[in-house]
Amino acid sequence: MRISEIVSNASRSTLWVEMALVLFFTVFVGVIFYLWFLIKPEALERAAQMPLDDLHPQEPLTLPKDPHADHAHKGER
Amino acid sequence: MEHVAESQRLEKFVYDDDITRKFVFATVLWGIVGMLVGLIVAFQLVLPWLNLEIEWLTFGRLRPLHTNAVIFAFACNAVFAGMYYSSQRLLKTRMFSDMMSRIHFWGWQLIIVIAAITLPLGITQSKEYAELEWWVDLLITAVWVIFSINFFLTIRIRRERHLYVAIWFYIASLIAVAMLHLFNNLVIPVSLTKSYPIYSGVQDAFMQWWYGHNAVAFVLTTPFLGMMYYFMPKAAERPVYSYRLSILHFWTLIFLYIWAGPHHLHYTALPGWASTLGMVFSIMLWMPSWGGMINGLLTLRGAWHKVARDPVLKFMVVAITFYGMSTFEGPLLSIKSVNALGHYTDWIIGHVHNGTLGWNGFLAFGMVYWLMPRLFQNTIWKPQWVELHFWIGTIGILLYIVSMYVAGITQGLMWRAFDPKTGLLAYPDFVDTVMNIRYFYWGRALGGTLYLTGAILCGINLYMTWATRTKKEYDEEIQEAPALQNIHFGEMKTPSRLRERGAHVADIAYKIEALIQLYWHRKWERLPLTLTVMVVIAVGSASLFEIIPTFAIKSNVPKIASVKPYTPLELAGRDIYVSEGCYNCHSQMVRPMRAETERYNFPTVDPNASFASQSYSKPGEFIYDHPFQWGSRRIGPDLHREGGRRTDDWHYKHMMNPRGTQGEVLVENSIMPPYPWLAHKPTDFSILPKKIWAMRLLGVPYTLEQEKTSIQHAKAQAKEIADRIRMKGIPGKHEDKQIIALIAYLQRLGTDILKEYQNNRM
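The model shown is predicted, which means the values in this text are computed figures rather than measured ones.

### Here we look at the nonpolar core
- Within the largest apolar cluster, 209 residues are counted, with the highest numbers of intra-cluster contacts made by Ile254, Met316, Ala319, Leu363 and Val368 of chain B.
- In terms of residue count, helix H3 (residues 59–91) of chain B provides more of this core than any other element does, 19 residues in total.

Below, the structure written as structure tokens:
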């Protein structure tokens, strides 16, 4: 069976529109869940400060001295 | 311990502000040029003699120059200026390659100059905002690739771990624009000045508006949002209201925007499901757009008093407000019943300028004024002019958009009005609707004049701030940040509460814990490649959901047996139609509404015939149209059922002078320009075999014999038409002139389907 036949058969209902909505809704709920439940406010506050300081990195791109201590300190997730 | 030593070593570097200065100058210069061209075409609609009977200056050729100039020269240069300035600071590093930055700058300016030359010459693909021909598209691709490589390598050498949300918006813009540009510009070149898109009719229209809508999304929205998230906190001197909301804004916007393109094609021959999908996602776009607007405005919490005295903040606040207004109006216009009234009218022009003048223009000017003293290390030459610019610009925008709203709604209502006594169209003469809105066209021209005046003030201020700087060599502030250190996935350990508590569990529990914590997202976020892949998935999946069915579902474009390819002469005429930019004023899409089928009926058919009311356009009528010519605006009437409506000599006289002469009035009060050169310029018959070859390559069913005999065939048909107009008293030998080819095309428009009806097969 050719792909055009598969897609043509699938189009007999409003399948495409429904799949698109489900796909979007899943992504939307995922982003909401991540932002409100999984990310810590301190990390967001630190990121929000970034445009205000042209000189110093908020989070330097170097390995921390002690990864576990650093994570505990910054509460990163 | 080696890591510790390395992490403590500071590196010195300076930001490359010279490239920002270059782009700022280009922004303002091209902004003035692009707006000036826009003002000229606005005046041409109220003073048609301003076309000056010069082919390079007609509305159809200048309008694409205006749109390309303000989008790709003004807005894009502003975006590049903002990106170069903010990215270096957000990433705490200089751009990866100064040379690539300069290739990007000069390459982009070269493209703009080429556009300014080729578009008035009538060298165009006729796809809105993608008019530039194939070899210019290749140049754009090369410059964009160099820019992207430089940008991504700059991210790679950054000294800041987290990518600020502005950078995400920039990445999305880079990726999406590349995808849109590549897929919408797939063509078969015929010569340096001509190519045919690989798509036809409905599919070409779909690809074009997938591109056109998302050009608005990823050229005029996402990079400007990135700039908003950087420059608004800078100007307000406080962090963005909610960083959390900005992330939600980003993901929902890029995921939603890409689906909304089909709302440009409501009530056309596009399949209904695609149209509905576009509408639903457009309405959902309200959510992230207003989230972003609120986030931008609330950044000023506790600092609103600054707006009163700081014109930069005034520009930004009004820009964000217009972002909210235009993103409210866009979804409103995407609702089918509203779209039925607003589409093809000046309402759309008002909506577009609400966004471009208010949101893009004012954010760009606000950014330029904020950058001016910092880049030139000098006070602004005339600070009071900044305030003046703001006010005359704001009044100009309001005058412009209110004029267009009133004009558009008036025109839409007049097109659909029926006389209750006779049951016939109340305004059957299209030009009556144009005459009714001419005063609003003056309002638009006045609004545009004010806005351009403000831009000129900005240009003078910019130049003088630069020229009066005290130091010829700029002080370059030396920055210091810890040395870059490569981090590998393996070294970034996921924090584990189970491990901290010393829980005795199976290994799988740690893996599940890591998965649930979504720590992987923080890792991904730090690696631009992965974030880029996520953006590609978000943008690509939405695109494929629409594109695959549109191309693959067989019932989308049912073939009509009587619809045949154009004759060689008609094909030549069609190319002249494209070259003159007729699509800028005339649609070729009769919508399935009584007001449309009455106005654009079958001219040669008895009104009592059973199929007389079915003159709306069908998808199968466009299968040989490379490119489609549906248009997006009706400054003049729709032309899809023009074939056979008038005689050949009428078309000849109309093209020479649309209003006619004292002795013979044609379309009194027409605002269409005359095209006298069409009666003198020869048709290029020699290229016809190559054009037919390209069409055959695209699947149009011409035979090899037709390709070989195309020149003789075209000349024979041209002689027939020329003889007919000569018999009507028009002197001269016109067989080989462009006007004859154009008449051949116009007389063919929308006639093939009649044979199908007359044979009772539909």
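### Here we look at the packing of helix H11 (residues 286–298) of chain B against helix H13 (residues 311–334) of chain B
Residues and elements named next belong to chain B.
- In the contact formed by H11 and H13, the axes pass within 9 Å of each other and the chain directions differ by 165°. What the angle tells us is that H11 and H13 run roughly antiparallel. Between H11 and H13 the crossing geometry is left-handed. When H11 is examined against H13, the residues Trp286, Ser289, Trp290, Met293, Gly296 and Leu297 are found in contact with a partner set consisting of Val317, Ile320, Tyr323, Gly324, Thr327, Phe328 and Pro331.

### Focus: the environment of alanine 69 of chain B
Residues and elements named next belong to chain B.
- Relative to the elements of secondary structure, alanine 69 occurs in helix H3.
- Residue alanine 69 is classed as buried on the basis of its 25 C-beta neighbours within 10 Å.
- A sequence separation of 94 residues divides alanine 69 from leucine 163, and the C-alpha atoms of the two residues are 32 Å apart.
- Apart from the residues within four sequence positions on either side, alanine 69 is in contact with Trp30, Val33, Gly34, Val37 and Phe74.

### Digging into the domain arrangement of chain B
Residue and element names in this part refer to chain B.
- On domain assignment, one finds that chain B holds domain 1 (12–467), domain 2 (492–556) and domain 3 (568–758).
- Computed from C-alpha coordinates alone, the two centres of domain 1 and domain 2 are separated by 32 Å.
- Elements with a minimum of two residues in the side of domain 1 that touches domain 2: helix H5 (134–156), helix H6 (165–184), helix H7 (201–218), helix H9 (243–257) and helix H10 (272–284).

### A closer look at the confidence of the model for chain A
Residues and elements named next belong to chain A.
- Of all residues in chain A, 58% attain a pLDDT of 70 or more, and the chain-wide mean is 70.
- The element-level mean pLDDT for chain A is lowest in helix H4 (residues 67–74), coming to 42, with helix H3 (residues 41–48) highest at 87.
- Here residues 63–77 scores under 50 on pLDDT; set against residues more than four positions off or in separate chains, the count is 21 contacts.

### Quick notes on the pairing of strand E3 (residues 194–197) of chain B
Residues and elements named next belong to chain B.
- In E3, alternate side chains face the same way, and those of Lys194 and Tyr196 on one face and Ser195 and Pro197 on the other are all buried.
- For strand E2 (residues 187–191) and E3, the ladder comprises 4 bridges, and the chain directions are antiparallel. Of the residues in E3, the one forming a bridge with proline 189 is serine 195.
- As consecutive antiparallel partners, E2 and E3 are separated by 2 residues.

What counts, and at which threshold
In every chain, residue numbers begin from 1 and rise along the written sequence. The naming scheme follows written order: chains are lettered A onward, ligands numbered 1 onward. Local features are withheld for residues below a pLDDT of 70 in this predicted model, meaning they are given only at 70 or higher, and side-chain atom pairs are given and counted only at 80 or more; totals for whole chains, interfaces and linings count all residues. Here, a nonpolar core means buried Ala, Val, Leu, Ile, Met, Phe, Trp, Tyr and Cys residues linked by C-beta atoms lying within 7 Å of one another. Once C-beta atoms are placed from the backbone, each residue is buried if 20 or more other C-beta atoms lie within 10 Å of its own, exposed if 12 or fewer, and partly exposed for counts between those two. We count a stretch as a helix when DSSP gives it H or I for four or more residues in a row; a strand needs E for two or more, and each element gets its number in order from the N terminus. Lines fitted to C-alpha atoms define the axes here, with helix axes fitted over just the stretch in contact, and angles between the N-to-C directions of these axes take values from 0 to 180 degrees. For classification, angles of less than 35 degrees are called roughly parallel, those exceeding 145 degrees roughly antiparallel, those between 65 and 115 degrees roughly perpendicular, and all remaining angles oblique. Each helix crossing is assigned a hand: it is left-handed if the near helix lies turned anticlockwise from the far helix by less than a right angle, otherwise right-handed if that turn is clockwise. We call two residues in contact when their backbone-placed C-beta atoms lie within 7 Å. An automatic or database domain assignment supplies the start and end points of every domain. pLDDT is a per-residue confidence score from the predictor, ranging from 0 to 100. Pairing between strands is defined by DSSP: at least two bridges between the two strands are required.

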